[in-house]
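Analysis of the macromolecular model
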Amino acid sequence: MDFQLSKEQAMAQKMFQEFAQNEVKPLAQEVDEQERFPEETVKKMAKLGMMGIYFPKELGGAGGDVLTYAMAVEELSKVCGTTGVIVSAHTSLCCAPIFENGTPEQKQKYLPDLLSGKKIGAFGLTEPGAGTDAQGQQTTAVDAGDHWVLNGSKIFITNAGYADVFIIIAITGTTTDKKGRTKKEISAFIVERDFPGFSVGKHELKMGIRGSSTCELIMQDCIVPKENLLGAKGKGFVIAMKTLDGGRIGIASQALGIAQGAIDETVAYVKERKQFGRSIAQFQNTQFELAEMQARTDAARLLVYRAAVHKQAVQDGKTKEPYSVDAAMAKLIAARTASDVTRRCLQLFGGYGYTRDYPIERMMRDAKITEIYEGTSEVQMMVISGAMLK
Amino acid sequence: MKAIVCVKQVPDTSGKVAVNENGTLDRASMATIINPDDLNAVEAALVLKEQTGCEVDVVTMGPPPAEGMLRELLARGCDKGYLISAREFGGSDTYATSQIIAAGLNKIGLEADDIVFCGRQAIDGDTAQVGPQIAEKLHLPQVTYAADIQKNGNTLTVKRMLEDGYMMIEVQTPCLITCISELNQPRYMSVNEIFGCYDKPVEVLDYNALKDDPLIDATTIGLSGSPTNILTSFTPPQKGVGMMLEGADAATAEKLAGMLAAKHII
C-alpha cells in the first residue's frame, strides 16, 4: 500500500490549491448571496483542463486520473461548495456515462466539447415521484420510427440552467423478469438543450450550494434522434446506478473539501480570537475539537481517495471488482463528517460564525446537501449492507 | 525561432529564512518557489509562442531538485528544460552565475531571431544583475524593466518602466529582455500540460558540457571565481507594531507632540 501521490498528482493538487485560493475563494460569498452561477470561473476551469480531468487526451480530456479529479473537487470545495459540485456533476454525471457507455460516434460527437468545457453537462434521473425510489420513473420515451419522443419532467437537476447536454433516464416499455413479473424497461438518452420540446423549468432556491443551478427539466413531445439512445435499450437503470457510483466519489470529494475548508478557517480564527485574556486556541476544548475533527476528516479522505483509485483501476482494466461499495462508504462518511465538522467549527466561531461576515455558516449550509443528493446517506448504507449480506 | 527564459528557484520568503554559518542562505532547509518576476518572463515567452508558434525553452542553474521547478514550467506550456548543475558552479555570485548561464545559452545555441527573457530580479538577492550581465557576456542588446512587448518581424518595441516615467525602445533580435510584474498575469499550470510534462525533455548541462566554452574558467566560476564576499547575513529584527492617531485637528497634533516629547524625539 502506497499513500504517495505521483509527481503529476502532487503538481495538480498544488495548481488546484492556487486556483481555488486566487480565483474561487474571492467569489464564494457573492456566488452564495446572489445565488449566481459562476460562469466566469467555469470558463477559467475549462481553459485549465479541469472539466475533463480523467479522460483521454484523444477525446479532449486532460489525460489525468480519477484521484486527480477527486482532489480538484476537494480543493474547489474547500473554498466554495458551489464550484465543487459544478465540476462534479458535469464530470461524473454527464461526461462519464457517455465515455463509459457511448458508441464511438457518440463519444466523438459529444466528448470533445464537454471535456474541454466548451459545453456543460447534466444528468436527469430524479422526478417528483422518483427520488430514492429511482425505479418509480414516469418519463416515457416512445419509439417513433426514425426518432424517440420523450414526455415527462425531472427535478433538482444540477447545472440544468447552464448545461448544453443532458443524460435523461426514461421508460421505453415493459419487460418481464425471471419470476414472470412485469417491470418497467428503463433506457438512457443523450438530450441536447435545443432539441424540440425540451425546456428548463423552475429554478430551485436552496439552503446551500446556492450558486449551483438546480432546475426542473420539462420534455413535451421532445424529439430525440434514434442514435442518441445511450447504451442498449433497457440498460438505462444500470447505467444510471453505475453513473451514480462514480458521482458519489465526486460528492464525497466535495464533502471532504467542505470539511477541510471549515477546519482551515477555524484554525486561523481560534489563533486570533481572544477571550479571558488569551487566544481560544489555548483552551483544551478548542484543541480537542480541532484534533478530533481533523482525524475524522483524514479518515474520510482515505476512504475517498481509495474509492477514486479503485474506479481508476476499473477504468484501466486492472480489476473487474465494482467500486460501488467503496464509493458508498466514501460518500457516507465524508458527508456525515462534513455536516458534523462544519457544525462544530461554527460552535468554535461562536456568534461571529453565525453571521455572514465569516464563511463558516455558508459551509455548514453547503455541507448538508452532501448527505442527500446522488443517494442519501441511507441509500449508501443500503448499498454497503446489501453487499455485506448478499 | 526560440524564446529562452532564464529562471531561478528562490526561497519562499513567506516562510522561515535560514542562514548557513558562512553567511550564505541555507537553501536546503527552506521551501522554494519560482522567482515571481521569472513567471512574468515565462508568460511573455508563452504569449509569443501563442502568437508565433515558437519553441519556449526554460533554463535554470541550481542543484538537481531544481528540475521540479522546470517540470512545473513545462506544465505551464514550455517545451524544453535545461538544468545547469555542477559542483563547480556552486557558490557563484551574480558575476559568475551570468558567466555560466551565458555559456549555457551558447551551448543551447542562439539564432538570429531568438529572444532571451529574464525576470527583473530575484527575491532572494534582489540584485537585478544576472539578466543584464548575461546580455553583456553574449554581446546581446538588452532592454530591462519591460512592461509591454510588441513584436513585428525581428523588431521588438518594448515599454521600459522607470520610476518616474517610461521609455519606448526598439530592439532587434537576438536580444535579452528583463520583465517586471506589470507586463502580464502569469498563467496557471493546466491539467492537460501537467499530465505530459514528465514526457518533455529536460537536459542537464554539467561542468563537462560547458567547460570548453571560453567563458568557463576556474577563475570566473563558483565561489572562488566570485568577486563578491559575504561578510555576514542576518535576519533583521521585526519592527514593533506602529500606532495610528486618527484626526487632523489641533488636539491630535498636540497628543502626537506630547508622545514624541515623552520619548525625547522632539
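Residues numbered from 1 in each chain as written. Chains lettered and ligands numbered in written order. Predicted model: local features only at pLDDT ≥ 70, side-chain atom pairs only at ≥ 80, totals over all residues.

1. Let's talk about the overall build of chain B
Within chain B, the secondary structure is distributed over 7 helices and 11 strands. For chain B, the C-alpha atoms occupy an extent of roughly 70 × 45 × 40 Å along the three principal directions. Taking all contacts inside chain B whose residues are at least 6 apart in sequence as the whole, residues at least 24 apart take part in 71%. (Helix = DSSP H or I, 4+ residues; strand = E, 2+ residues; numbered from the N terminus. Contact = placed C-beta atoms within 7 Å.)

2. Here's the deal with the overall build of chain A
Of regular secondary structure, chain A possesses 11 helices and 10 strands. In terms of C-alpha radius of gyration, chain A reaches 21 Å, essentially the compact-globule figure of 21 Å for 390 residues. Each principal axis of the C-alpha distribution contributes one length, and for chain A these read about 80 × 45 × 40 Å. Put simply, 74% of the contacts in chain A that link residues at least 6 apart link residues at least 24 apart. (Rg over C-alpha atoms; globule rule 2.2 N^0.38 Å.)

3. A word on the interface of chain A and chain B
For an interface, size is often stated in terms of accessible area lost upon the parts coming together. Of the residues lining the interface, 15 residues belong to chain A; the matching set on chain B comes to 11 residues. For the side of chain A that touches chain B, the class distribution of residues is 8 nonpolar, 3 polar and 4 charged. (Nonpolar A, V, L, I, M, F, W, Y, C, P; charged D, E, K, R; others polar.)

4. Describing helix α2 (residues 39–47) of chain A
Turn by turn, an α-helix covers 3.6 residues, leaving residues three or four places apart pointing in a common direction. All names here are of chain A. Among all positions of α2, only Thr41, Val42 and Met45 are buried. Taken around the axis of α2, the buried residues stretch over an arc of 100 degrees, which confines them to a single face. Facing away from the buried side of α2 by more than 90 degrees, the exposed set consists of Glu39, Glu40 and Lys43. Turning to α2, the residues buried within the fold contact α1 (7–33) and α4 (81–101). Following α2 by one or two positions, Gly49 has its phi on the positive side, about 80 degrees. (Buried ≥ 20, exposed ≤ 12 C-beta atoms within 10 Å, placed from the backbone. Arc of directions from axis to C-beta.)

5. Side note on the pairing of strand β7 (residues 214–225) of chain A
Residues and elements named next belong to chain A. Pairing of strand β3 (residues 147–158) with β7 involves 9 bridges; the strand directions are antiparallel. What sits directly across from Ser153, in β7, is Ile218. When strand β6 (residues 198–203) meets β7, the two strands line up antiparallel, connected through 4 bridges. Opposite His203, over in β7, you have Cys215 as the bridge partner. (Pairing = 2+ DSSP bridges.)

6. Focus on helix α8 (residues 324–349) of chain A
All names here are of chain A. End to end, α8 covers 37 Å across 26 residues, agreeing with the expected 38 Å (1.5 Å per residue, within 8%). In terms of residue burial, α8 counts as a mostly covered element, since 19 of its 26 residues are buried. The positive-phi residue at the C-terminal boundary of α8 is Gly350, with phi of around 65 degrees. (Expected span 1.5 Å × (residues − 1).)

7. Overview of the confidence of the model for chain B
With 100% of its residues at a pLDDT of at least 70, chain B reaches an overall mean of 92. Overall fold confidence (pTM) sits at 0.92, and the ipTM for the predicted complex is 0.94. (pLDDT = per-residue confidence, 0-100.)

8. Let's talk about the sheet that holds strand β9 (residues 165–172) of chain B
Residues and elements named next belong to chain B. Strand order in the open sheet made by the 9 strands is β9-β8-β7-β10-β6-β1-β4-β5-β11, with mixed pairing throughout. Two strands close off the open sheet at either side, each with one partner strand: β9 and β11 (202–205). Looking at each pair of strands side by side, their axes are set apart by 30 degrees on average, direction ignored. Pairing between strand β8 (residues 155–162) and β9: 8 bridges, direction antiparallel. Bridge pairing in β9 places Val158 opposite Ile169. Docked against the sheet, helix α2 (residues 67–74) engages β1 (2–7), β4 (55–61), β5 (80–84) and β11, running at close to 165 degrees with respect to β5. In the packing of helix α3 (residues 94–108) onto the sheet, contacts are made with β1, β4, β5, β6 (115–119) and β11, and the angle to β4 comes to roughly 145 degrees. (Axes fitted to C-alpha atoms, helices over the stretch in contact; angles between N-to-C directions.)

9. Quick word on the packing of α4 of chain A against helix α6 (residues 236–272) of chain A
If you want to describe how two helices pack, look at the angle between their axes and the distance between the axes. Residues and elements named next belong to chain A. It is at 9 Å that the axes of α4 and α6 come closest, and there the two elements cross at 155 degrees. On the basis of their axis angle, the class for α4 and α6 is roughly antiparallel. For α4 against α6, the interelement crossing comes out right-handed. Contact residues: Gly81, Gly84, Val85, Ser88, Thr91, Ser92, Leu93, Ala96, Pro97 and Asn101 in α4; Ile239, Thr243, Gly246, Gly247, Ile249, Gly250, Ile251, Ser253, Gln254, Gly257 and Ile258 in α6. Taken together, the residues of the contact of α4 with α6 sort by class into 8 nonpolar, 13 polar and no charged. (Parallel < 35°, antiparallel > 145°, perpendicular 65-115°, else oblique. Left-handed = near helix turned anticlockwise from the far one by under 90°.)

10. Comments concerning the environment of Pro64 of chain B
Note on placement: Pro64 of chain B falls in the loop between β4 and α2. Spatially, the C-alpha atoms of Pro64 of chain B and Leu83 of chain B are 7.7 Å apart, while their sequence positions differ by 19 residues.

11. Concerning unusual backbone geometry
Along the chain, Thr173 of chain B connects to Pro174 of chain B via a cis peptide bond; the corresponding omega equals -5 degrees. Mapped onto the fold, Pro174 of chain B is located in the loop between β9 and β10 (175–179). Non-glycine residue Glu374 of chain A carries a positive phi angle of around 55 degrees. Structurally, Glu374 of chain A can be placed in the loop between α10 (360–369) and α11 (377–389).

12. Some thoughts on the pairing of β1 of chain B
Residue and element names in this part refer to chain B. Among the 6 residues of β1, 6 are classified as buried, and the element is accordingly described as predominantly covered. Residues Lys2, Ile4 and Cys6 line one face of β1 and the alternating positions Ala3, Val5 and Val7 line the opposite face, and both faces are buried. As defined by bridge partners, β1 adjoins β6 across 4 bridges and the pair is classed as parallel. Of the residues in β6, the one forming a bridge with Cys6 is Cys118.

13. Some thoughts on the packing of helix α3 (residues 66–79) of chain A against α6 of chain A
All names here are of chain A. Axis separation between α3 and α6 bottoms out at 7 Å; the angle between their running directions is 40 degrees. Here α3 lies oblique to α6, going by the angle between them. Of the two possible hands of crossing, α3 and α6 adopt the one that is right-handed. Here Val66, Ala70, Val73, Glu74, Glu75, Leu76, Ser77, Lys78 and Val79 of α3 lie close against α6, whose contacting residues are Ile249, Gly250, Ser253, Gln254, Leu256, Gly257, Ile258, Gln260, Gly261 and Asp264. Considered class by class, the residues forming the contact of α3 with α6 number 8 nonpolar, 7 polar and 4 charged.

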